[in-house]
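Topology and contacts: notes
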Amino acid sequence: MTQKKISYSAAVALAGLLIGGAATDAAAANQFRGNACIITASAACAAVGWSVGNCGSARFSPPNWNGNPNRTALSLYWGYYAQNFTYASGSMVGTVMRPLQASGIGNGMFTYSASGRIAGQVPAAPAAGTAVLSSTIYINGFEESCNVTLRFQGQRYPLP
């Protein structure tokens, strides 16, 4: 009898951890990881090595999502070069270009100013358990005078 009670108690405790763990995993996710590709590029982009079709790994952190601060952050990893764009005051979704803190690291590190907006995002406002995010992001000053449109697609990270 005692053996069954311990086993039953252990099973109930394990079930509670698993059920609680699923909710905790969704809440612990604070970014989407995937890729970003340049889908439009200004003429100035060719001079600094960027063109339509360049794709890299990406991380995107929506504002106020699962404990994130009220800021939007996009990090891009191009294999030989990395960039970060941060809007420090909330969401970039909308028609207004917002000031971005930008940084790059390649053959040295530098910071600069850029502006950007998210023209479209699905879902527009991710819920806690959102698993997939897709965004169209405009960035002016992507690198120097280069302006691009990026298509980001990613999955919630960490996944449950």
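Since we're looking at a predicted model, the values are computed, not measured.

What about the overall build of the protein?
The helix and strand tally for the protein stands at two helices and eight strands. In the protein, the order of α-helices and β-strands from amino to carboxyl end is α-β-α-β-β-β-β-β-β-β. Out of the 160 residues belonging to the protein, those deemed buried represent 37%. Within the protein, residue pairs in contact and separated by at least 24 positions form 46% of the contacts whose partners lie at least 6 positions apart. Counting every atom, the protein has about 8600 Å² of accessible surface; 59% of that belongs to carbon and sulfur.

Concerning the pairing of strand 6 (residues 108-122)
Two faces, one strand: in a regular strand the side chains alternate between the faces of the sheet. Summarising the sheet, strand 5 (residues 98-106) and strand 6 pair through nine bridges and their orientation is antiparallel. Paired with glycine 104 across the two strands is phenylalanine 110, which belongs to strand 6. Taking the residues between adjacent antiparallel strands as the criterion, strand 5 and strand 6 are bridged by one residue. In terms of strand pairing, strand 6 meets strand 7 (residues 132-143) through seven bridges, oriented antiparallel. For isoleucine 118, the partnering residue across the bridge sits in strand 7 and is isoleucine 137.

With respect to the confidence of the model for the protein
On average, residues of the protein score 86 in pLDDT, and 82% of them reach the 70 mark or higher. For residues 1-23, every residue scores under 50 in pLDDT, and the model assigns this stretch one contact once sequence neighbours within four places are set aside.

Re the packing of aromatic side chains
Tallied over the full model, the rule gives 10 aromatic pairs. Site record: aromatic cluster; members linked through ring pairs are Trp50, Trp78, Tyr81, Phe85, Phe110, Tyr112 and Phe142.

A look at the side chain of threonine 130
Mapping threonine 130 onto the fold places it in the loop between strand 6 and strand 7. Setting aside anything within four residues of it in sequence, one finds threonine 130 in contact with Phe32, Trp65, Pro123 and Arg156.

Regarding unusual backbone geometry
Of the consecutive residues valine 122 and proline 123, the connecting peptide bond is found in the cis state with omega at -5°. Note that proline 123 resides in the loop between strand 6 and strand 7. Between tyrosine 157 and the following residue, proline 158, the backbone shows a cis peptide bond with an omega angle of 0°. Non-glycine residue asparagine 64 carries a positive phi angle of around 55°. Along the chain, asparagine 64 falls in the loop between strand 2 (55-61) and strand 3 (72-77). We classify asparagine 64 as exposed; its relative accessible area is 52%.

Conventions adopted
- Residues numbered from 1 in each chain as written.
- Predicted model: local features only at pLDDT ≥ 70, side-chain atom pairs only at ≥ 80, totals over all residues.
- Heavy atoms only, no water.
- Helix = DSSP H or I, 4+ residues; strand = E, 2+ residues; numbered from the N terminus.
- Buried < 20%, exposed > 50% of the residue type's maximum accessible area, 1.4 Å probe, protein only.
- Contact = heavy atoms within 4.5 Å.
- Areas by Shrake-Rupley, 256 points an atom, 1.4 Å probe, with all protein chains shown as cover.
- Pairing = 2+ DSSP bridges.
- pLDDT = per-residue confidence, 0-100.
- Phe/Tyr/Trp six-rings, centres within 6.5 Å; stacked < 30°, edge-to-face > 60°.

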